[in-house]
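Observations on the model geometry
The lines below spell out each chain.
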Amino acid sequence: MYIFKAAVVGAGTMGGEIAQVITFSGLPVVMKDIDQGMLDKGMEKARSIYQRRVDKGKMSAGEMESKMDLITPTLTYDDFGDVDIVIEAVPEKMEIKRAVFKELAAVCPEQTIFASNTSALSISEMGAATDKPHKVIGMHFFNPASVMKLVEVIPGLDTSQETVDDVVMFTESLRKIPVVVQECPGFLVNRLLMPYINEATKALEEGAATATEIDQAVVGWGMPMGPFTLMDMLGLDVIAHVGEYLYSEYGERASPALLVPKLVEAGRLGEKSGGGFYDHPGGESETVAKMIKELQSSGQVPTGTPFSVERLMLPLINEAALCVQENIASITDIDMAMVAGTGMTYGGERIGPLAVADKIGLDVVVEKLEALAKELGPRFQPVRPLKLRVRAGHLGVKAGKGFHEYA
């Protein structure tokens with residue numbers, strides 16, 4: 001099915017970003033919200049992205065206005081009678097998303113695809129709220145959508161292959177890279193980031209290193225920004241919500257660090273509130289240092305634990321290997337998704353976690369994970385796909401084959 005007209009429901013920052021991406025490809029888009037202030041914010045977000053292009057000489061002011069004219073802001077569903085795809089970008093609460101899909105089913109034509117921009121929640125559960133679950137799919141853009149190339153495409157249990165194919169083609173028409181991911185909590189990239197940012201926070205609250213030291217070590221390793229800079233940018237309320245959801249689904253190995261909910265409770269939500277792990281502006285925070293001392297003195301967290309960048313990065317590799325076992329995505333797509341979705345590099349190369357493991361040596365990865373498991377707990381226990389390859393002599397680059405094959 002060719003898509004001639006799109007709609008976005010939820011006109012916050014992400015809704016405005018997605019609307020801009022769609023209009024940049026030349027398609028008209030209806031942007032709906034229940035709040036005029038949010039609608040204005042979404043329009044302003046789209047305009048600001050185009051304005052940056054004008055300022056850089058990549059677009060004329062007239063071209064910007066033509067693109068902005070493709071967006072129809074609305075507080076009602078009156079303009080949804082001929083939309084081919086709707087992307088919801090409402091808050092990450094299942095009851096809100098299910099309610100939106102029920103409303104859409106009543107106003108959209110039969111052929112309309114319902115896509116959710118959720119970063120973690122169940123597509124199958126959303127589909128069950130409609131009378132056409134075969135048309136419901138996940139379409140997870142990364143923030144900022146105007147810049148990030150990756151879009152995770154997530155079929156639910158009832159999603160038809162035709163819907164998957166249509167959304168992959170639509171994503172490509174937006175000049176994005178679609179990666180089809182089997183449904184699981186957190187999908188692919190957020191699932192891999194979960195143990196990494198969680199371990200960073202545990203290292204911080206245990207006094208293993210400061211936020212600045214950890215961020216610098218991770219950037220030195222090859223990530224474009226450190227975990228605390230990333231979390232402050234994304235919003236700690238979002239991080240806490242996703243962390244709790246993944247813990248409820250994955251159990252003890254996803255047990256969240258204690259510091260994030262403490263920061264959220266104190267109103268420190270990151271850049272948007274002027275303070276998160278860091279003060280914005282200002283850097284390291286005395287308030288956060290006091291919270292860490294309270295956690296340590298009350299015995300809620302251990303102290304004297306070691307810090308190494310491997311403590312953060314090897315759990316990410318371990319989770320990627322588990323995704324191979326569960327057929328969440330292909331080995332190539334897992335690596336590509338992390339490169340496109342996070343800007344991951346290693347040794348100056350743009351490569352993903354499984355290729356990184358091959359470079360380090362899978363035997364070395366397993367050995368280091370086992371050492372961390374002895375020192376810090378079973379969450380570091382290496383998963384079967386890693387151990388199996390080591391036993392078979394598939395050690396990575398040095399053996400000519402690991403997760404990938406090498407000439």
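Up top is the structure.
Residues numbered from 1 in each chain as written. Predicted model: local features only at pLDDT ≥ 70, side-chain atom pairs only at ≥ 80, totals over all residues. Heavy atoms only, no water.

1. Things to note about the nonpolar core
Heads up, the rule is: Working definition of a nonpolar core: buried Ala, Val, Leu, Ile, Met, Phe, Trp, Tyr and Cys residues. They are joined through side-chain atoms within 4.5 Å. Each residue is placed in one exposure class: buried if its accessible area under a 1.4 Å probe, protein chains only, is under 20% of its type's maximum, exposed if it is over 50%, and partly exposed if it falls in between. Secondary structure elements are taken from DSSP: a helix is a run of H or I of four residues or more, a strand is a run of E of two residues or more, and numbering for both begins at the N terminus.
Counting 98 residues, the largest nonpolar core has Phe80 and Leu104 as the members making the most contacts within it. For this core, the leading source of residues is helix α13 (residues 309–325), giving 11 residues. Membership of the second largest hydrophobic core comes to 37 residues, among which are Ile3, Val8, Met68 and Val151.

2. Topic: helix α1 (residues 13–24)
To keep things clear, this is the line we draw: For a helix, the expected span equals 1.5 Å multiplied by the residue count minus one.
Compared with the 16 Å implied by 1.5 Å per residue over 12 residues, the 17 Å span of α1 between its first and last C-alpha is a close match. Among the 12 residues that make up α1, 10 are buried, leaving the element largely enclosed by the rest of the structure. Residues of α1 that are buried: Met14, Gly15, Gly16, Glu17, Ile18, Ala19, Gln20, Val21, Ile22 and Thr23. Just downstream of α1, Gly26 is the residue with a positive phi angle, here 100°.

3. A look at the pattern of salt bridges
The following threshold applies: Salt bridges are defined by distance alone: a side-chain nitrogen of Lys or Arg within 4 Å of a carboxyl oxygen of Asp or Glu.
Applying the stated criterion across every chain, the model contains 17 salt bridges. A salt bridge links Glu294 to Lys262, with the shortest nitrogen-to-oxygen separation between them at 3.8 Å. Of this pair, Glu294 sits in helix α12 (residues 286–297) while Lys262 sits in helix α11 (residues 259–265), and the two are 32 residues apart along the sequence. A relative accessible area of 45% means that Glu294 is categorised as partly exposed. Here Glu310 makes a salt bridge to Lys368, at a shortest N to O gap of 3.8 Å. Pair noted here: Glu310 is in helix α13 and Lys368 is in helix α16 (residues 362–376), with a separation of 58 residues, a long-range link. Through salt bridges with shared partners, a single network forms among Arg191, Arg253, Glu319 and Glu326.

4. As for the environment of Phe24
The test is simple: Contact criterion: two residues are considered in contact whenever any of their non-hydrogen atoms come within 4.5 Å of each other.
Inspection of the secondary structure assignment puts Phe24 in helix α1. Take Phe24: its relative accessible area is 23%, and that puts it in the partly exposed class. If we skip the residues at most four places from it in the chain, Phe24 touches Tyr50, Arg53, Met59, Lys67 and Arg175.

5. What to know about unusual backbone geometry
Omega for the bond connecting Asn143 with Pro144 falls within 30 degrees of zero, at 0°, which places this linkage in the cis form. Structurally, Pro144 is set in the loop between β6 (136–141) and β7 (150–155). Across the junction of His280 and Pro281, the peptide omega takes the value -5°, indicating a cis bond. Checked against the element boundaries, Pro281 lands in the loop between β9 (278–279) and β10 (283–284). The phi torsion at Arg175 lies on the positive side, around 65°, for a residue other than glycine. Looking at the element boundaries, Arg175 is found in the loop between α6 (161–173) and β8 (177–180). If you check the backbone angles, Asn327 has positive phi at about 55° while not being a glycine. Residue class for Asn327 comes out exposed when judged on its relative accessible area of 56%.

6. What about the environment of Gly304?
Positionally, Gly304 belongs in the loop between α12 and α13. Residues Gly304 and Ala209, spaced 95 residues apart in sequence, show a C-alpha to C-alpha distance of 9.9 Å.

7. Digging into the sheet that holds strand β1 (residues 6–9)
Our working definition: Strands qualify as paired when DSSP identifies two bridges or more between them. For helices, the fitted line uses only the C-alpha atoms of the stretch in contact; every axis is such a line through C-alpha atoms, and the angle between N-to-C directions lies from 0 to 180 degrees.
Across the sheet, which stays open at both edges, the eight strands sit in the order β3-β2-β1-β4-β5-β6-β7-β8 with mixed pairing between neighbours. Two strands in the sheet have a free side with no partner beyond their single neighbour: β3 (71–74) and β8. Within the sheet, the average angular offset between the axes of one strand and its neighbour, ignoring direction, is 25°. Here strand β2 (residues 29–32) runs beside β3; their pairing, made up of four bridges, is parallel.

8. Some thoughts on the side chain of Ser255
Looking at the secondary structure, you find Ser255 in the loop between α10 (236–250) and α11. Those residues in contact with Ser255 that sit more than four places away from it in its chain are Asn198, Lys202 and Tyr247.

9. Section: the packing of helix α2 (residues 36–55) against helix α3 (residues 61–68)
Heads up, the condition is: Any angle that is under 35 degrees is reported as roughly parallel, and any over 145 degrees as roughly antiparallel; angles of 65 to 115 degrees are reported as roughly perpendicular and all others as oblique. If you view the pair so one helix is near and one far, a crossing is left-handed when the near helix is turned anticlockwise from the far one by less than a right angle, and right-handed when it is turned clockwise. Each residue is assigned to one class: nonpolar for Ala, Val, Leu, Ile, Met, Phe, Trp, Tyr, Cys and Pro, charged for Asp, Glu, Lys and Arg, and polar for all the others, Gly among them.
The N-to-C vectors of α2 and α3 enclose an angle of 155°; their axes lie 10 Å apart at closest approach. Put simply, α2 runs roughly antiparallel to α3. As for how α2 packs across α3, the hand of that crossing is right-handed. Here Met43, Ala46, Arg47, Tyr50, Gln51 and Val54 of α2 lie close against α3, whose contacting residues are Ala61, Met64, Glu65, Lys67 and Met68. Taken together, the residues of the contact of α2 with α3 break down into seven nonpolar, one polar and three charged.

10. Regarding the packing of aromatic side chains
We count it as follows: In this analysis, rings of Phe, Tyr and Trp, with Trp reduced to its six-membered ring, are considered paired at centre separations within 6.5 Å, and the interplanar angle assigns stacked below 30 degrees, edge-to-face beyond 60, and tilted for intermediate values. In our convention, an over-ring charge means Lys NZ or Arg CZ found within 6 Å of a ring centre and within 35 degrees of that ring's normal.
Under the criterion given, the structure shown has six aromatic pairs. The interplanar angle of 25° and the centroid separation of 5.9 Å between the aromatic rings of Phe101 and Phe114 together place this pair among those described as stacked. With Phe101 in helix α4 (residues 94–107) and Phe114 in strand β5 (residues 113–116), this residue pair connects regions lying 13 residues apart in the sequence. For Phe114, a relative accessible area of 0% puts it in the buried group. Between Trp221 and Tyr346, the ring centres sit 5.0 Å apart and the planes meet at 50°, which makes this aromatic pair tilted. A residue pair is termed long-range when its members are at least 10 positions apart, and Trp221 in helix α8 (residues 211–221) and Tyr346 in the loop between α14 (331–342) and α15 (353–360) qualify at 125 residues. You can call Trp221 buried: its relative accessible area is 12%. Under the relative-accessibility criterion, Tyr346 is labelled partly exposed at 22%. Lying across the ring of Tyr77, Lys32 places its NZ or CZ 4.6 Å from the centre.

Scope: geometric values only; no functional claims are made or implied.
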